[in-house]
Amino acid sequence: MSIIRISTAGSVDDGKSTLIGRLLFDTKSLPQDKIDAIQLSSEKKGLKELDLALITDGLTAEREQGITIDVAHIFFSTASRKYIIADTPGHVEYTRNMVTGASNSQVSMILIDARKGILEQTRRHLFIAKFLEMEQVLFVINKMDLMDYNQQTFESLKDELLDVCVAIDFPLDRVSFVPISAKVGDNVVEKSKHMDWYSGPTILGYLEQLNLRANLNDDFRFNVQYVVRPQSADFSDFRGYAGKVKSGTIKVGDEIQVNSSGQKSRVLRIFKGNSPILEAGPEASVLIELEKAIDISRGDTLTQSHEDVVHDKNLIAQLCWLDKRPLNIAKKYLLRHAGFQTIVAINEVVKTLDFDTLNFMVSKLVEQNTICEVEIKAAAPIYLDNFKRNKKNGYFILVDRDTNATVAVGVKQ
Amino acid sequence: MNYLDELENESVYIFREVAAQFDNPVLLFSGGKDSILMVELAIKAFYPAPIPFPLMHIDTGHNFPETIEFRDYLVDKYNLKLIVVSVEETINSKGIIEESGKYASRNNLQTISLLEGINDNKFDACLGGARRDEEKARAKERIFSVRDDFGQWDAKNQRPELFDILNGAINQGENMRVFPISNWTELDVWNYIRRENIELPSVYFAHKRNVFYRDGMIWPASDFVFSEQDESIVEQTVRFRTVGDMTCTAAVESNADNLDLIITEIESALISERGARIDDKRSEAAMEKRKETGYF
Ligand SMILES: Nc1nc2c(ncn2[C@@H]2O[C@H](COP(=O)(O)OP(=O)(O)O)[C@@H](O)[C@H]2O)c(=O)[nH]1
């Protein structure tokens, strides 16, 4: 059994919460006491049937206002997979929370109200999916019950969406479409009895058979998080480098190189917890012990000895600005990538994205939710891969040193 | 990759970030299975070095004796540093008047002692074993969650958390709550406990105990829980799915006395885990309110 991480997207009231409620309900993932609690709240609101959206809106403010403010994490499993869904808010002002949910998922389900069609939020969320190099996007055309389950509605929306994908250069082999009614339960878990014209899978069927590409890049990248020095009798001179294999694999005996210094050594032992292992692959949190004592500290990147990560103090990147305060060119920010950090200045805002036309334009104003391209100048060389080439080692955040807030997420171009 | 390894990798990663980014972290230890799992994961994260931070237990004085016994056993087994903050002492030193009556619990007082413990020891990061699947306010938590001087959670204004980058920068007086097992479900925890042969206190397994019935729930009989005249105490075979204070943890009737049976039972259970938490029954937003004021 493996884990699949999904996030929802779409505008307010497109039915995200209802859809997740439906998925949980129809896969029988809800215990009786939760169903009873929702029944009670639904009755209090004067509803005759179960309001499935109540399953996910967790904060008092959300229940009062009937909107989703922050990401809720929902879990369910089938015999073959464990699913983690990040239910993200649809409001523009909570885009930062949508980006949070999306950056930690492999599949984005973008909901569209069949009556309303493509909205600015649809384009925004698709563009964010592209910005984050999302592995798969599923366009969920919801509320088909309100359109008499009409095939033409679905087909023309699909065509329009394909046009948008082409316009922003989102790969068509990574998008799929499904017509549903979250409220009635058509094509979510159960196949719809109202849409014989649709021969594709239900949402669950789609998720169950989804074959996610692992990171296609297998260059070895290891970010050192923490140096372990027990200084105990049994391990008196031991030094181990704790961290995560971002991509590629490492074996005992391999020669590695420290990016910042160019020093080399061979891998003596690898530990997963307290067990020695011979090899570690992507996403593994391990401890690496080297043959020679060389200078390595938090923030260093280890690679195989024969290759080097391109590094530079100048960086061209795409940013999604998350903070209320706009980007201030006069200010220095802290750039963080894994355990590495350095002071940076944004030298220039090259262009910003216009969500209406989906074109980049020349504008210097970078406000909350703006996606833009910038030139960054750093105090120290930054060892990042091109995000498109190696998604696992190509992103960073910017932190405001005065407020400590995370103000932007960036990907290297 | 197997999902349990994936979860373990993620948790180990979070523990290491905490050790690297904070000067003075602490692991909040409740004595329950989730905090025992946290200890086991922390050991993996830093092996062969010991866990580089202490454990802190907020002792309400209303614990199951089995939990305290197991806590001390675990501390001994792994040579852990343990700080105990006593709610009894908070009550005495602050002249607090305790709740009374048949639903009295020290749950809210726990928060006062917790904040005191954090301040006295100048902890800048507190690792908690809360999981997102437990409750709907918890489903909204980030992995790193900033708290102000008063321990308050600003749910509507959380820091964005991008990819796996955890921003631990905080201002003077603030501290960070960290949840390394956010993405584990109850069943994941049990499956991992079984796979890794993790030891647990005996209250999790079916045993004979004196109990009484109230509001359709099974309450453990003890000196701290006042049963009314018409609530007669009977001996039952029960176990606990979640372990908090004896005043707010209900038992379930069960014959599951080993991990295989427990897992089968949970898979087919009709009631969710926190359904056995009497403290959550107070209102729909009970947990969110407690979290806002600094509770775990
Ligand atoms: N008729 C119909 N109504 C729906 C459907 N899905 C959701 N709704 C309704 O649309 C409204 C907004 O749904 P909700 O799930 O809260 O949207 P969210 O804001 O995207 O989470 C609610 O009144 C739902 O009952 C559907 O498939 N058909």
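Coordinates for the structure precede this section.
Anyway, here's the lowdown on the structure attached to this text.

Before going further, it helps to spend a moment on the overall build of chain A. Assigned secondary structure in chain A consists of seven helices and 22 strands. Over its C-alpha atoms chain A spans a radius of gyration of 24 Å, differing by no more than 12% from the 22 Å that the globule rule assigns to 413 residues. For chain A, the spread of C-alpha atoms along the three principal axes comes to 70 × 50 × 40 Å. Among the 413 residues that make up chain A, the fraction classed as buried is 61%. In chain A, once contacts between residues fewer than 6 apart in sequence are set aside, the share between residues at least 24 apart is 69%. Looking at chain A as shown, the accessible area adds up to about 16,600 Å², and 47% of this sits on carbon and sulfur atoms. Of note, chain A has its 51 positive side-chain charges centred 4 Å away from the centre of its 55 negative side-chain charges.

Bringing the overall build of chain B into the picture now. For chain B, the helix and strand inventory stands at eight helices and 10 strands. Counting across all 296 residues of chain B, residues that qualify as buried make up 63%. Surface summary for chain B: the accessible area is close to 11,300 Å², and the carbon and sulfur share equals 48%.

So, on to the interface of chain A and chain B. Listed per partner, the contact involves 68 residues of chain A and 61 residues of chain B. Counting each side, the surface lost to burial between chain A and chain B is near 5,600 Å², with a carbon and sulfur contribution of 54%. Here chain A and chain B share eight salt bridges between them. Of the charged contacts, one joins K272 of chain A and E8 of chain B as a salt bridge, the two residues approaching to 2.9 Å between their closest N and O atoms. Our count for the contact surface shared by chain A and chain B stands at 29 residue pairs in polar contact (both at pLDDT 80 or more). Top contributing element to the side of chain A that touches chain B by residue count: helix α4 (residues 95-103) of chain A, with five residues. Among the residues forming the side of chain A that touches chain B, the class breakdown is 31 nonpolar, 20 polar and 17 charged.

The subject of this paragraph is the sheet that holds strand β2 (residues 72-77) of chain A. Residues and elements named next belong to chain A. Overall, mixed pairing links the six strands, which are arranged β2-β3-β1-β4-β5-β6 in an open sheet. The open sheet is flanked by β2 and β6 (175-179), the only strands paired with a single partner. With direction set aside, neighbouring strand axes in the sheet form an average angle of 25 degrees. Of the strand pairs in this sheet, strand β1 (residues 2-10) and strand β4 (residues 107-113) are connected by five bridges, and their pairing is parallel. Each bridged residue has a counterpart across the sheet, and for G10 the counterpart in β4 is L111.

This part takes up the environment of R298 of chain A. As for its placement among the helices and strands, R298 of chain A is situated in the loop between β14 (285-290) and β15 (301-304). A relative accessible area of 24% places R298 of chain A in the partly exposed class. Counting along the chain gives 40 residues from R298 of chain A to A338 of chain A, while the straight-line C-alpha distance between them is 9.0 Å. Within the local environment of R298 of chain A, its side chain forms a polar contact with the side chain of E17 of chain B, the two groups lying 2.9 Å apart.

Residue and element names in this part refer to chain B. The terminal C-alpha atoms of helix α3 (residues 65-78), which comprises 14 residues, lie 20 Å apart, in line with the 20 Å expected from a rise of 1.5 Å per residue. Buried residues along α3 sit against α2 (33-46), β2 (55-59) and β3 (82-86). Once α3 ends, the next one or two residues include N79, with phi positive near 60 degrees.

Once that is clear, we can look at the sheet that holds strand β4 (residues 125-127) of chain B. All names here are of chain B. With mixed pairing, the six strands of this open sheet are ordered in space as β3-β2-β1-β4-β6-β5. Of all strands in the sheet, those bounded by a partner on one side alone are β3 and β5 (144-147). Mean inter-strand twist for the sheet, computed between neighbouring axes without regard to direction, equals 30 degrees. With respect to the sheet, helix α1 (residues 3-21) is in contact with β1 (25-28), β4, β5 and β6 (175-178), its orientation differing from that of β5 by roughly 40 degrees.

Okay, the packing of aromatic side chains next. Counted by the stated rule, this structure contains 22 aromatic pairs over all chains. Here F46 of chain B and F53 of chain B contribute two aromatic rings whose centre-to-centre distance is 5.9 Å and whose plane-to-plane angle is 90 degrees, an arrangement assigned as edge-to-face. F53 of chain B gets classed as buried once you look at its relative accessible area, which sits at 3%. Taking the ring centre of Y13 of chain B as reference, the NZ or CZ of K244 of chain A above it sits at 4.1 Å. Between the NZ or CZ atom of R239 of chain B and the centre of the ring of W190 of chain B, over which it lies, the distance is 6.0 Å.

This paragraph deals with the nonpolar core. If you look at the biggest cluster of nonpolar residues, it comprises 80 residues, and the most contacted ones within it are L19, L126, V137, F139, V140 and I203 of chain A. Looking at this core element by element, the count peaks at six residues for helix α6 (residues 151-168) of chain A. Sequence-distant contacts of L19 of chain A, defined by excluding residues within four places in its chain, comprise M109, L111, V140, I180, A182, V188 and I203 of chain A. In terms of nonpolar packing, the next biggest core, distinct from the first, is built from 70 residues, L4, L7, A42 and F70 of chain B among them.

Attention now goes to the layout of surface pockets. Its volume calculated, the second largest pocket comes out at about 1,300 Å³. In this structure, the second largest pocket is lined by 47 residues; those nearest its centre are R5, Q106, E283 and K392 of chain A together with E6 of chain B. Within the residue set of the lining of the second largest pocket, elements represented by two or more residues are β1, β3 (81-87), α4 and β8 (240-247) of chain A together with α1 of chain B. Each residue belonging to the lining of the second largest pocket can be placed in one class, and the counts come to 17 nonpolar, 14 polar and 16 charged.

Residue and element names in this part refer to chain A. In the vicinity of the ligand there are 16 residues, among which D13, K16, S17, T18 and D145 approach most closely. Between the ligand and the protein, one listed contact pairs an oxygen atom with a backbone N or O atom of D14 at 3.4 Å. Separating an oxygen atom of the ligand from a backbone N or O atom of A182 is a distance of 2.9 Å. Bound to the protein, the ligand loses 82% of the 580 Å² it would expose on its own. With three residues, helix α1 (residues 16-26) is the largest single contributor of residues to the shell around the ligand. Among the residues making up the shell around the ligand, the classes are represented as four nonpolar, six polar and six charged.

Counting across every chain of the model gives 43 salt bridges over all chains. Residue R124 of chain A is joined to E120 of chain A by a salt bridge in which the shortest nitrogen-to-oxygen separation is 2.6 Å. Separated by four residues within a single helix, R124 of chain A and E120 of chain A lie in helix α5 (residues 120-131), roughly one turn from each other. Residues participating in the shared-partner salt-bridge network are K272 of chain A together with D5, E8, K44, R195 and E196 of chain B.

Residues and elements named next belong to chain B. Remark: α1 packs on α2, axes separated minimally by 9 Å, with the N-to-C direction vectors making an angle of 70 degrees. Judged on the interaxial angle alone, α2 and α1 are roughly perpendicular. Contact residues: α1 offers E8, S11, V12, F15, R16 and A19, while α2 offers M38, L41, A42, K44, A45 and F46. Tallied by class, residues from the contact of α1 with α2 come to eight nonpolar, one polar and three charged.

What counts, and at which threshold
Residues numbered from 1 in each chain as written. Chains lettered and ligands numbered in written order. Predicted model: local features only at pLDDT ≥ 70, side-chain atom pairs only at ≥ 80, totals over all residues. Heavy atoms only, no water. Helix = DSSP H or I, 4+ residues; strand = E, 2+ residues; numbered from the N terminus. Rg over C-alpha atoms; globule rule 2.2 N^0.38 Å. Buried < 20%, exposed > 50% of the residue type's maximum accessible area, 1.4 Å probe, protein only. Contact = heavy atoms within 4.5 Å. Areas by Shrake-Rupley, 256 points an atom, 1.4 Å probe, with all protein chains shown as cover. Lys, Arg positive; Asp, Glu negative; His and termini not counted. Charge placed at Lys NZ, Arg CZ, Asp CG, Glu CD. Buried area = accessible area lost by both parts, 1.4 Å probe. Salt bridge = Lys/Arg side-chain N within 4 Å of Asp/Glu carboxyl O. Polar contact = N/O pair within 3.5 Å; in protein donor to acceptor, adjacent residues only side chain to side chain. Nonpolar A, V, L, I, M, F, W, Y, C, P; charged D, E, K, R; others polar. Pairing = 2+ DSSP bridges. Axes fitted to C-alpha atoms, helices over the stretch in contact; angles between N-to-C directions. Expected span 1.5 Å × (residues − 1). Phe/Tyr/Trp six-rings, centres within 6.5 Å; stacked < 30°, edge-to-face > 60°. Lys NZ or Arg CZ within 6 Å of the ring centre and 35° of its normal. Core = buried A, V, L, I, M, F, W, Y, C linked by side-chain atoms within 4.5 Å. 1 Å grid on protein atoms, 1.4 Å probe; cavity = no way out; pocket = protein on both sides within 12 Å on 5 of 7 lines; lining within 4 Å. Points joined across faces, edges and corners; volume = space filled by probe spheres on them. Near = heavy atom within 4 Å. Parallel < 35°, antiparallel > 145°, perpendicular 65-115°, else oblique.

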